[in-house]
Amino acid sequence: MAVDVGRGPGPVRVVLADDEPLMLAGLRTVLEASGAVRVVGVAGDGASLLAAVDAYRPDVVLADVQMPGTDGLTALRILRSRPDAPAAAVLTTFDLDDYVAEALRIGVQGFLLKDTDPDALVRAVRDLAAGGAVLDPRITARLLPHLATGWAPQPAGLTLREQQVLRGLAAGDSNAAIASRLGLAEATVKKYVSGLLIKLGADNRVQVALLAKSWGLV
């Protein structure tokens, strides 16, 4: 495991989990080369991932879903049940739709392919740390069929402000970013987001983003 580098302002603190040592090494090199991210812990299975999160309190977790012993989904399910859970994104491949669908139900904030461009990966980590949602455009279409059955089509009664907030969510923006763009208080945006979750029958902002993308809002 990596050496803890302390807390406070500075690079985004990340824990990586993957059972392939070369993948871990590559991801770590890419992230730390940016200067914007510091990998504070690595893990090769779900149990080690949970231990690393407890030890280092990262801002973001990037985890493979298929790992020996306690798999990534089980570990992420445990993390997402905690009130102080770090932002989490799944590292996946094209042939793991069932795992990705379950991760969507768990409420992870991001879905990234393992061959994501280095600059896009760093940007995704920073967006996650800021409270945004991250969806690799190459897997968005594969996620849409896994949306919960019974969700309504785009509501006709959304106010202009709700539509503006919805577009921000669809773009993966954090509440703070949406608030800055619209000239609102962050607490006000948070209320709009909560209201949209209820109106759309969604459990989290990733599901809202997927719905908005399916409606062509971004």
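Everything here concerns the structure above.
Residues numbered from 1 in each chain as written. Predicted model: local features only at pLDDT ≥ 70, side-chain atom pairs only at ≥ 80, totals over all residues. Heavy atoms only, no water.

### What about the pairing of strand 3 (residues 60-64)?
Regular strands place their side chains on alternate faces of the sheet. For strand 3, a buried count of five out of five residues is recorded, marking the element as mostly surrounded by other parts of the structure. Burial along strand 3 is two-sided: Val60, Leu62 and Asp64 facing one way and Val61 and Ala63 facing the other are all buried. Where strand 1 (residues 12-17) and strand 3 come together, four bridges link them in parallel fashion. Note that in strand 3 the partner of valine 15 across the bridge is valine 61. The pairing of strand 3 with strand 4 (residues 87-92) spans five bridges and is classified as parallel. Looking at the pairing, alanine 63 lines up with valine 90 of strand 4. Chirality of the crossover, the property in question, places the unit of strand 3, helix 3 (residues 72-80) and strand 4 among those that are right-handed. (Buried < 20%, exposed > 50% of the residue type's maximum accessible area, 1.4 Å probe, protein only. Helix = DSSP H or I, 4+ residues; strand = E, 2+ residues; numbered from the N terminus. Pairing = 2+ DSSP bridges. Right-handed = clockwise from strand over helix to strand, strands pointing away.)

### Things to note about the packing of helix 8 (residues 175-182) against helix 9 (residues 186-200)
A packed helix pair is summarised by two numbers, namely the angle formed by the two axes and the spacing between the axes. Relative orientation of the contacting elements helix 8 and helix 9 amounts to 110°, with a least axis distance of 8 Å. When the axes of helix 8 and helix 9 are compared, the pair comes out roughly perpendicular. Relative to helix 9, helix 8 is oriented so that their crossing is right-handed. Counting all contacts with helix 8, which are made through Asn175, Ala176, Ile178 and Ala179, the residues of helix 9 involved are Glu186, Val189, Lys190 and Val193. Looking at the contact of helix 8 with helix 9 residue by residue, the classes come out as five nonpolar, one polar and two charged. (Axes fitted to C-alpha atoms, helices over the stretch in contact; angles between N-to-C directions. Parallel < 35°, antiparallel > 145°, perpendicular 65-115°, else oblique. Left-handed = near helix turned anticlockwise from the far one by under 90°. Contact = heavy atoms within 4.5 Å. Nonpolar A, V, L, I, M, F, W, Y, C, P; charged D, E, K, R; others polar.)

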